[in-house]
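# Descriptive structure summary
Read off the chains here:
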Amino acid sequence: MLSIVKRYRIATIASQSKDGELMATVLKWMGAKTSRGSSSRGSVQALKGLLRLVKDGGNCSFAVDGPKGPLHKVKPGVFELSRMIHGPIYAAGVYVDRAVYFPKSWNKTFLPKPFAKVVIVWSESLPPVTKDQDPRNPDLALELESLLHRTRQQAVNFIADNKA
């Protein structure tokens, strides 16, 4: 998804680890804005920074299941942020036909190979979380997990259906 960060003025959270430093540097080169921190270190600082970037006109994106997983299990942070900015939530499914995979990474990171086909499928939006809703409600997490699974499967199917 690095290829879309500049066009869509993406702001995201990058961890304070060495890996996060590398990611923040690459994101900056690609035109994204980052706020440093994670749920395990610097979470309040990261959230405040991300809120500032969104108020300055950015769109936010982050791994909703991070930083330590389990993979595809949505954490409440995305719903807290939605409530704070009164913003809808979109899920993105990504699939690539050729990539270098990093199986030891918690999120199974991959890097598309040159000339690979990359498909990004966006979901319909979930409405902003209201002040009346509890961001820790497991039903919210299940709904978003379902959207994430569905959009990724749509991306996989698109490549499978269009193989030449």
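About the thresholds
Counting from 1, residues in each chain are numbered in the order their sequence is written. For a predicted model such as this one, the threshold for reporting local features is a pLDDT of at least 70, and the threshold for listing and counting side-chain atom pairs is 80 or more; totals across whole chains, interfaces and linings nevertheless cover every residue. Side-chain metrics in this entry use all non-hydrogen atoms of the structure; hydrogen atoms and water are not considered. By the criteria applied, helices consist of DSSP H or I runs no shorter than four residues and strands consist of E runs no shorter than two, each listed in order from the N terminus. Based on C-alpha atoms, the radius of gyration is set beside the globule rule, defined as 2.2 Å times the residue count to the power 0.38. Two residues form a contact once any of their heavy atoms are found within 4.5 Å. Per-residue and other accessible areas were derived by the Shrake-Rupley procedure at a 1.4 Å probe size, with only the shown protein chains allowed to occlude residues. In this tally Asp and Glu are treated as negative and Lys and Arg as positive; neither His nor the chain ends contributes. A charged residue contributes its charge at one atom only: NZ of Lys, CZ of Arg, CG of Asp or CD of Glu. Here, a salt bridge means any Lys or Arg side-chain nitrogen found within 4 Å of an Asp or Glu carboxyl oxygen. Summary of the burial criterion: residues with accessible area below 20% of their type's maximum are buried, those above 50% are exposed, and those between are partly exposed, where the area comes from a 1.4 Å probe applied to protein chains only. In protein, a polar contact means a hydrogen-donor-capable atom and an acceptor-capable atom, both N or O and within 3.5 Å, with residues adjacent in sequence counting only if both atoms are side-chain atoms; elsewhere, any N or O pair within 3.5 Å suffices. For two strands to be treated as a pair, DSSP must find at least two bridges joining them. The axes used here are C-alpha line fits, helices contributing only the stretch in contact, and every angle between their N-to-C directions lies in the interval 0 to 180 degrees. Each angle receives one of four descriptions, namely roughly parallel if under 35 degrees, roughly antiparallel if over 145, roughly perpendicular if within 65 to 115, and oblique otherwise. Helix crossings are classified by the rotation of the near helix relative to the far one: an anticlockwise turn of less than a right angle makes the crossing left-handed, while a clockwise turn makes it right-handed. Residue classes follow a fixed rule: Ala, Val, Leu, Ile, Met, Phe, Trp, Tyr, Cys and Pro count as nonpolar, while Asp, Glu, Lys and Arg count as charged, and any other residue, Gly among them, counts as polar. Note on patches: the residues involved have over 30% relative accessible area and no salt bridge, like charges join within 9 Å, and the nonpolar side chains Val, Leu, Ile, Met, Phe, Trp and Tyr join within 5 Å. Nonpolar cores are built from buried Ala, Val, Leu, Ile, Met, Phe, Trp, Tyr and Cys residues. Side-chain atoms within 4.5 Å join them into one set.

### Describing the overall build of the protein chain
- Secondary structure summary: the protein chain contains four helices and seven strands in total.
- Taking 164 residues into account, the globule formula puts the C-alpha radius of gyration at 15 Å, and the protein chain, at 16 Å, falls close to it.
- For the protein chain, the spread of C-alpha atoms along the three principal axes comes to 50 × 35 × 30 Å.
- Restricting the contact set of the protein chain to residue pairs at least 6 apart, pairs at least 24 apart contribute 59%.
- Carbon and sulfur atoms form 57% of the exposed surface of the protein chain, whose accessible area is close to 10,700 Å².
- For the protein chain, the distance from the average position of its 25 positive side-chain charges to the average position of its 13 negative side-chain charges is 9 Å.

### Quick look at the pattern of salt bridges
- Tallied over the entire structure, the rule returns five salt bridges.
- Two residues, Arg36 and Glu21, come together in a salt bridge whose shortest N-O distance is 2.7 Å. A residue pair is termed long-range when its members are at least 10 positions apart, and Arg36 in strand β2 (residues 33-36) and Glu21 in helix α1 (residues 18-30) qualify at 15 residues.
- Look at Glu21 and you get partly exposed, because its relative accessible area is 42%.
- Salt-bridge contacts for Arg150 lead to Glu124; the nearest nitrogen and oxygen are separated by 3.3 Å. Placement of Arg150 in helix α4 (residues 138-161) and of Glu124 in the loop between β7 (118-122) and α4 is noted, with a sequence separation of 26 residues between them.

### Thoughts on the side chain of Ser82
- Here Ser82 shows up in helix α3 (residues 77-85).
- Apart from the residues lying within four places of it in its own chain, the contact partners of Ser82 are Gly87, Ile89, Pro127, Pro128 and Val129.

### Re the side chain of Thr12
- When you line up the elements, Thr12 lands in strand β1 (residues 10-14).
- A distance of 2.3 Å separates a polar side-chain atom of Thr12 from the backbone oxygen of Ser61.
- Every residue in contact with Thr12, bar those within four places of it in the chain, is listed here: Leu27, Lys33, Thr34, Ser35, Leu50, Ser61 and Phe62.

### Some points on the sheet that holds β1
- Read from one edge of the open sheet, three strands run β2-β1-β3, paired in parallel fashion. Single-partner strands in this sheet number two, and they are β2 and β3 (59-61). When the angles between neighbouring strand axes are averaged without regard to direction, this sheet yields 30°.
- Contacts between α1 and the sheet are confined to β1 and β2, with β2 contributing the most and set at about 160° to the helix.

### Some remarks on the packing of helix α2 (residues 43-55) against α3
- Two elements in contact, α2 and α3, have axes separated by 11 Å at closest approach and are oriented at 45°. With respect to α3, the element α2 is oriented oblique. Seen along the crossing, α2 lies across α3 with a hand that is right-handed. Between α2, through Leu47, Leu50, Leu51 and Val54, and α3, the contact on the second element is made entirely by Leu81, Met84 and Ile85.
- Classifying every residue of the contact of α2 with α3 gives seven nonpolar, no polar and no charged.

### Re a nonpolar patch on the surface
- Together, Met1, Tyr90 and Trp122 line one region of the surface with nonpolar side chains, adding up to about 350 Å² of accessible area.
- Taking the relative accessible area as the measure of exposure, Trp122 reaches 47% and is therefore partly exposed.

### Points about the nonpolar core
- Grouped together as the largest cluster of nonpolar side chains are 12 residues: Val64, Val74, Val78, Phe79, Ile89, Ala91, Leu126, Val129, Leu140, Ala141, Leu144 and Leu147.
- Going through the elements one at a time, α3 and α4 are the ones with two or more residues in this core.
- Looking at this core, the element that brings in the most residues is α4, giving four residues.
- When residues no more than four places from it in sequence are discounted, the contact partners of Val129 are Phe79, Ser82, Arg83 and Ile89.

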